[in-house]
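# Survey of secondary and tertiary structure
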Amino acid sequence: MKFFLDTANIEQITKANAYGILDGITTNPSLIAKEGADHAQRILEICQIVDGDVSAEVVETEAEAMLTEGRKLAKIHDNVVVKVPLTRDGIKATKMLSSERIRVNVTLCFTANQALLAAKAGAYYISPFVGRLDDISAEGMELIRDIVTIYDNYGYPTQVLTASARGPLHVRDAALCGAHVVTLPYPVFEKLFDHPLTDSGLAQFLADYRKSQEG
Ligand code: E4P
């Protein structure tokens, strides 16, 4: 399973990348705006840090304009995957960009049928938002399960990218469903490491070792 970080914050990206297990980054216009950074400049900076896929989202809403913007984003760096919203125009743009071998991450997916449209348009990733579905009392993980099954049924190569993950259980459940990727806010990524029994077990091992050296 690939681990992406869902942020445009350079400090978080640098820290997470230092573990050597980070596979990529997802950004969106809100995340880059939060950093007060220039969109293209920040995407380039991220690509220079992380050796993996970096999603950069279009802000145009009409298919031809998305195509032009997508081509521009793809030119920033080889690692860029163009992120396109799951609208009618977004699906047209996905088809056109993927026909030019530009990789597309189709975002804002909330139903299995939308995921089917994205796969048919040649999306490289589909991003179903589990947390935002949970927020409205729908079961986000059920959507991941359905999409993985549907893509398997027809052999679609589109990879399922679990987005809007809010906690460690989303990671475990996405992995159990067979999602190819999960993208995580930095605090959730850090939480994956921790268990109190790991800490107390290690403290005991080290204390016993020190005692054995004293005698
Ligand atoms: C990722 O591609 C999405 O932009 C992101 O996961 C959305 O997460 P949120 O619902 O926490 O904003």
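A brief look at the structure comes next. Note that the structure is a prediction, hence the values are computed from the model and not measured.

All right, on to unusual backbone geometry then. Backbone geometry at Ser-137 places phi at a positive 65°, although glycine is not the residue there. One can find Ser-137 in the loop between α7 (130-135) and α8 (140-154). In the Ramachandran plot, Ser-164 falls in the positive-phi region, its phi being about 60° despite a non-glycine side chain. In this fold, Ser-164 is placed in the loop between β7 (159-162) and α9 (168-177). Look at Ser-164 and you get buried, because its relative accessible area is 10%.

With respect to the helices, strands and loops of the structure, Arg-172 is situated in helix α9. What makes Arg-172 partly exposed here is its relative accessible area of 48%.

Between helix α1 (residues 10-17) and helix α3 (residues 39-49), the least distance of the axes is 10 Å, while the angle of their chain directions is 15°. When the interaxial angle is binned, α1 and α3 end up roughly parallel. Crossing hand, α1 versus α3: right-handed. Contact residues: α1 offers Ile-10, Ile-13, Thr-14 and Asn-17, while α3 offers Arg-42, Glu-45, Ile-46 and Ile-49. Counted by class, the contact of α1 with α3 contains four nonpolar, two polar and two charged residues.

With that settled, the discussion passes to a negative patch on the surface. A cluster of acidic side chains, namely Asp-134, Glu-139, Glu-142 and Asp-146, defines a negative patch on the protein surface. Assignment of secondary structure puts Asp-134 in helix α7. A relative accessible area of 32% means that Asp-134 is categorised as partly exposed.

Now for the site of the ligand. Taken together, Asp-6, Thr-26, Asn-28, Lys-83, Phe-129, Arg-132, Ala-163, Ser-164 and Arg-166 form the complete shell of residues around the ligand. With respect to the ligand, the side chain of Asp-6 contributes an N or O atom lying 2.7 Å from an oxygen atom. Take Arg-132: an N or O atom from its side chain is 2.7 Å from an oxygen atom of the ligand. Surface burial for the ligand is 85%, taken as the share of its 340 Å² of free accessible area covered by protein chains. Class assignment of the residues belonging to the shell around the ligand gives a composition of two nonpolar, three polar and four charged.

The rules behind these values
- Just so you know, the residues in each chain are numbered from 1, in the order the chain's sequence is written.
- Only residues with pLDDT of at least 70 get local features here, since the model is predicted, and only at 80 or more are side-chain atom pairs given and counted; chain-wide, interface and lining totals rely on the full set of residues.
- Where side-chain values are given, they derive from all heavy atoms of the structure, hydrogens and water being excluded.
- Secondary structure counts use DSSP, requiring at least four H or I residues in a row for a helix and at least two E residues in a row for a strand, with both numbered from the N terminus.
- The buried label applies to any residue whose accessible area, calculated with a 1.4 Å probe on protein chains only, is under 20% of its type's maximum; exposed applies above 50%, and partly exposed to all values in between.
- Each axis is a line fitted through C-alpha atoms, and for a helix only the stretch in contact is used; angles between axes span 0 to 180 degrees, taken between their N-to-C directions.
- In this scheme, roughly parallel covers angles under 35 degrees and roughly antiparallel covers those over 145, while 65 to 115 is roughly perpendicular and the rest are oblique.
- Throughout, a crossing is termed right-handed when the near helix is turned clockwise from the far one, and left-handed when it is turned anticlockwise from it by less than a right angle.
- Here a residue-residue contact requires only that any non-hydrogen atoms of the pair lie within 4.5 Å.
- Amino acids are sorted into nonpolar (Ala, Val, Leu, Ile, Met, Phe, Trp, Tyr, Cys and Pro), charged (Asp, Glu, Lys and Arg) and polar (every other residue, Gly among them).
- Patches here are clusters of residues that have more than 30% relative accessible area and form no salt bridge, with a 9 Å joining cutoff for like charges and a 5 Å cutoff for nonpolar side chains (Val, Leu, Ile, Met, Phe, Trp, Tyr).
- Only the protein chains shown count as covering a residue, and every accessible area follows the Shrake-Rupley method with a 1.4 Å probe.
- The salt bridge criterion pairs a side-chain nitrogen of Lys or Arg with a carboxyl oxygen of Asp or Glu, the two atoms within 4 Å.
- In this charge count, Lys and Arg are treated as positive and Asp and Glu as negative; neither His nor the chain ends contribute.
- A charged residue contributes its charge at one atom only: NZ of Lys, CZ of Arg, CG of Asp or CD of Glu.
- Put simply, a residue is near a molecule or strand once any heavy atom of it comes within 4 Å of that molecule or strand.
- Residues adjacent in sequence count toward polar contacts only when both atoms are side-chain atoms; beyond that, a polar contact is any pair of N or O atoms within 3.5 Å, and within protein one must be able to donate a hydrogen and the other to accept it.

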